[in-house]
Amino acid sequence: MATRVAEAALEHASSTPLWCDDDRRPEPRAAYRGDHDVDLAVVGGGFTGLWAALLALEEDPGREVVVLEGARLGWAATGRNGGFCSSSLTHGVANGLARWPKEMPLLQRLGAANLDAIEATIRQHRIDCDFERTGELDVAVEPWQLEDLRGLHETLCELGEESELLGAEQTRALVASPTYLGGLLDRRGVAMVNPARLAWGLADAVEGAGGRIHESTRVLRLRSCGDRVLLTTATGTLRARQVVLATNVFRSPLRRARVYVVPVWDHMIATEPLSHSQLDGLGWESRSGVGDSGNRFHYYRLTSDNRLLFGGYDALYYYGSDLSSRRQRRPETEKMLYGHMLATFPGLAGVAITHTWGGAIDTSTRFSASWQRACGGKVVSVLGYTGLGVGASRFGAQVCLDLLAGRDNERTRLEMVRRGPIPWPPEPVRWLGIQMTRRSIARADANGGRRDLWLRLLDRLGLGFDS
């Protein structure tokens, strides 16, 4: 019966990501053609690439900057995410403390400043992207998760961060779900945003500052050529003094960077706009983003037109780092998410799903960004945000520009910038290791959060994963 209900709700859902199904989506920009010299070439038109171009033009308005995007702006991770814009640069405090404990106060400060700067840029350029500084509510839906939230609250207090530890009634007063046993509220560290509109607005700002953007332009080869870097495309060549590689999970022109990320597929569903009575039943007046505290976790939020976007939980890796378009829909996961959504909010029974989609996350072994330099320092790559790139991409882009300029500052001195992650092993070891980890994580969730021998080994090797 539950399967039939889910199938009926999903029957007419569009495969287009909600954010891209928008009449404001700009017309495609022309592909790059010809043979030109520029100061800075940016490969990739997602958040990192757009931020790199805009920040470079703000630093030096006379700099000639060109962005080369292989497909359309916002078509990949930039337009397929949940629209959570977090201040975290380390994929959460726990992950950061496990890797860079001495630097966490600085990383937290830099992350907060980065989110403030994103908000300031949106205001400066009047980007209409539904930016709401709502904060985020982490909820416990199992008893063992309460202890984890208490520990996280204590850690945040030690770092001088503000958060509120809530009981079941306090949590349900913010968002009414019978599954909530408690919560931890961060009022300032996360914003909700329409990510596609943010990307389109940043692109307009880049062009307004004198930059050029070309879509449908894949960079096929990259090599050093004297004091320049030669980028070859199907329709031309570009010689750049400096290059930022912002390819996310896709095949980088820089071979050495490819081993640092694998594509993990995440799926989302979006409901039709909720009625006034449905919204009243949720009591979600703060409009904060919500995430539950399992190892396999859900995240969800309201959109500007009061749809519920619900995603996560079933992170998937396919053998050979498969990025083919057939992975963008997975009926089993979509039906599972619908069932989980109704378990969280029983009052939404019967609501229709209008959009469902999947996207690949550039997952690093340390779950946060890393930087690689090449061609005598003329090329810098950044990738591996592992799901928090909406906010951290601006910081990643700024560090790229710092490294290209040879700056010695508090960003470039960070250990997370100076040292890279452990690379992913080749297949079939890669696939086997990820599948073993997924099974162990599922067992941990079913056994009060207790981590088995495999997860404890990964923790000791610096490869631990907890959310």
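Here is what the cut-offs are and how they apply
- Residues numbered from 1 in each chain as written.
- Predicted model: local features only at pLDDT ≥ 70, side-chain atom pairs only at ≥ 80, totals over all residues.
- Heavy atoms only, no water.
- Helix = DSSP H or I, 4+ residues; strand = E, 2+ residues; numbered from the N terminus.
- Buried < 20%, exposed > 50% of the residue type's maximum accessible area, 1.4 Å probe, protein only.
- Contact = heavy atoms within 4.5 Å.
- Areas by Shrake-Rupley, 256 points an atom, 1.4 Å probe, with all protein chains shown as cover.
- Lys, Arg positive; Asp, Glu negative; His and termini not counted.
- Charge placed at Lys NZ, Arg CZ, Asp CG, Glu CD.
- Pairing = 2+ DSSP bridges.
- Axes fitted to C-alpha atoms, helices over the stretch in contact; angles between N-to-C directions.
- Phe/Tyr/Trp six-rings, centres within 6.5 Å; stacked < 30°, edge-to-face > 60°.
- Expected span 1.5 Å × (residues − 1).
- Salt bridge = Lys/Arg side-chain N within 4 Å of Asp/Glu carboxyl O.
- Polar contact = N/O pair within 3.5 Å; in protein donor to acceptor, adjacent residues only side chain to side chain.
- Left-handed = near helix turned anticlockwise from the far one by under 90°.
- Nonpolar A, V, L, I, M, F, W, Y, C, P; charged D, E, K, R; others polar.
- Core = buried A, V, L, I, M, F, W, Y, C linked by side-chain atoms within 4.5 Å.

Here we come to the overall build of the protein chain. Scanning the protein chain for helices and strands turns up 14 helices and 18 strands. Looking at the protein chain residue by residue over its 467 residues, the buried ones come to 55%. Sequence-distant contacts in the protein chain: of pairs separated by 6 or more residues, those separated by 24 or more amount to 74%. Here the protein chain displays about 19600 Å² of accessible surface, and carbon together with sulfur accounts for 51% of that area. Across the protein chain, the centroid of the 56 positively charged side chains sits 8 Å from that of the 56 negatively charged ones.

Moving on to the sheet that holds strand S16 (residues 353-363). Read across the open sheet, the eight strands follow the order S5-S6-S4-S13-S14-S15-S12-S16; overall the sheet is mixed. A strand with exactly one partner marks an edge of an open sheet, and here the two such strands are strand S5 (164-167) and S16. Across the sheet, the mean angle separating the axes of adjacent strands is 20° when strand polarity is ignored. Note: strand S13 (residues 289-292) against strand S14 (residues 298-302), two bridges, orientation antiparallel. Considered in S14, the bridge of Gly291 is made with Tyr299.

What follows covers the packing of aromatic side chains. Counted by the stated rule, this structure contains eight aromatic pairs. Pairing Trp284 with Tyr300 gives two aromatic rings, centres 6.2 Å apart and planes at 85°, and the pair type is edge-to-face. In this pair, Trp284 is assigned in the loop between helix H9 (276-282) and S13 and Tyr300 in strand S14, connecting sequence segments 16 residues apart. In this pair, the class of Trp284 matches that of Tyr300, namely buried.

What follows deals with helix H2 (residues 47-59). The end-to-end C-alpha separation of H2 is 18 Å, in line with the 18 Å expected for 13 residues at 1.5 Å each. Most of H2 sits inside the fold, with eleven of its 13 residues counted as buried. All buried positions along H2 are accounted for by Phe47, Thr48, Gly49, Leu50, Trp51, Ala52, Ala53, Leu54, Leu55, Ala56 and Leu57.

Moving on, we come to the side chain of Arg301. As for its placement among the helices and strands, Arg301 is situated in strand S14. We note that Arg301 is buried and unpaired, the nearest opposite charge coming from Glu132 at a distance of 4.9 Å. Side-chain polar atoms of Arg301 contact the backbone oxygen of Gly82, separated by 3.3 Å. Within polar-contact distance, the side chain of Arg301 engages the backbone oxygen of Gly83 at 3.2 Å. If near-sequence neighbours (up to four positions away) are discounted, Arg301 is found in contact with Trp19, Gly82, Gly83, Phe84, Met192, Val193, Trp284, Gly289, Arg307, Leu308 and Leu309.

To continue, consider helix H13 (residues 429-446). Its 18 residues place the ends of H13 26 Å apart at the C-alpha level, agreeing with the 26 Å of an ideal helix rising 1.5 Å per residue. Arg430, Gly433, Ile434, Gln435, Thr437, Ser440, Ile441, Ala444 and Asp445 are the residues of H13 that are buried. Along its buried surface, H13 packs onto helix H6 (143-158), strand S12 (262-271) and helix H14 (453-460). Following H13 by one or two positions, Gly448 adopts a phi angle in the positive range, close to 65°.

This part is about the pattern of salt bridges. One pass over the structure, following the stated rule, counts 34 salt bridges. Residue Asp37 pairs with Arg228 through a salt bridge whose shortest N-O separation is 3.7 Å. With Asp37 in strand S1 (residues 34-43) and Arg228 in strand S10 (residues 228-233), the pair connects residues that are 191 residues apart, well separated along the chain. The exposure class assigned to Asp37 is partly exposed, which follows from its relative accessible area of 35%. Its salt-bridge partner being Asp459, residue Arg451 comes within 3.0 Å of it at the nearest N-O pair. One salt-bridge network, in which partners are shared between bridges, spans Glu59, Arg63, Asp402, Arg407 and Arg411.

Two quantities define a packed helix pair, namely the angle between the axes and the distance from one axis to the other. Viewed as axis vectors pointing N to C, H13 and H14 meet at an angle of 115°, and their least axial separation amounts to 9 Å. At the point where H13 passes H14, the crossing takes the left-handed sense. Contacts between H13 and H14 pair Gly433, Met436, Thr437, Ser440, Ile441 and Ala444 from the former with Trp454, Leu455 and Leu458 from the latter. Split by residue class, the contact of H13 with H14 holds six nonpolar, three polar and no charged.

Our focus in this paragraph is the environment of Tyr180. Within the element layout of this structure, Tyr180 appears in the loop between helix H7 (168-174) and strand S6 (182-186). Residue Tyr180 is classed as buried on the basis of its relative accessible area, which comes to 0%. Along the chain, Tyr180 and Thr344 lie 164 residues apart, while their C-alpha atoms are 8.5 Å from each other. In this structure Tyr180 touches Val139, Ala140, Val141, Ala168, Thr171, Arg172, Val175, Val290, Tyr300, Thr344 and Phe345, once residues within four positions along its chain are discounted.

Moving on: the pairing of strand S17 (residues 370-374). The element S17 is largely enclosed, with a buried count of four among its five residues. Note: S17 against strand S18 (residues 379-383), five bridges, orientation antiparallel. When the bridges of S18 are listed, Arg373 appears paired with Val380. Joining the antiparallel neighbours S17 and S18 is a turn of four residues, in which Cys375 adopts a positive phi near 55°.

Ranked by internal contacts, the top residues of the largest apolar core, which has 58 residues, are Leu40, Val42, Phe131, Leu198, Leu202, Val244 and Trp371. What Val42 contacts, discounting residues up to four positions off in sequence, is Gly49, Ala52, Ala53, Val65, Val66, Val67, Leu68 and Val244. If you look at the next biggest cluster of nonpolar residues, it comprises 28 residues, including Leu337, Tyr338, Leu342 and Ile353.

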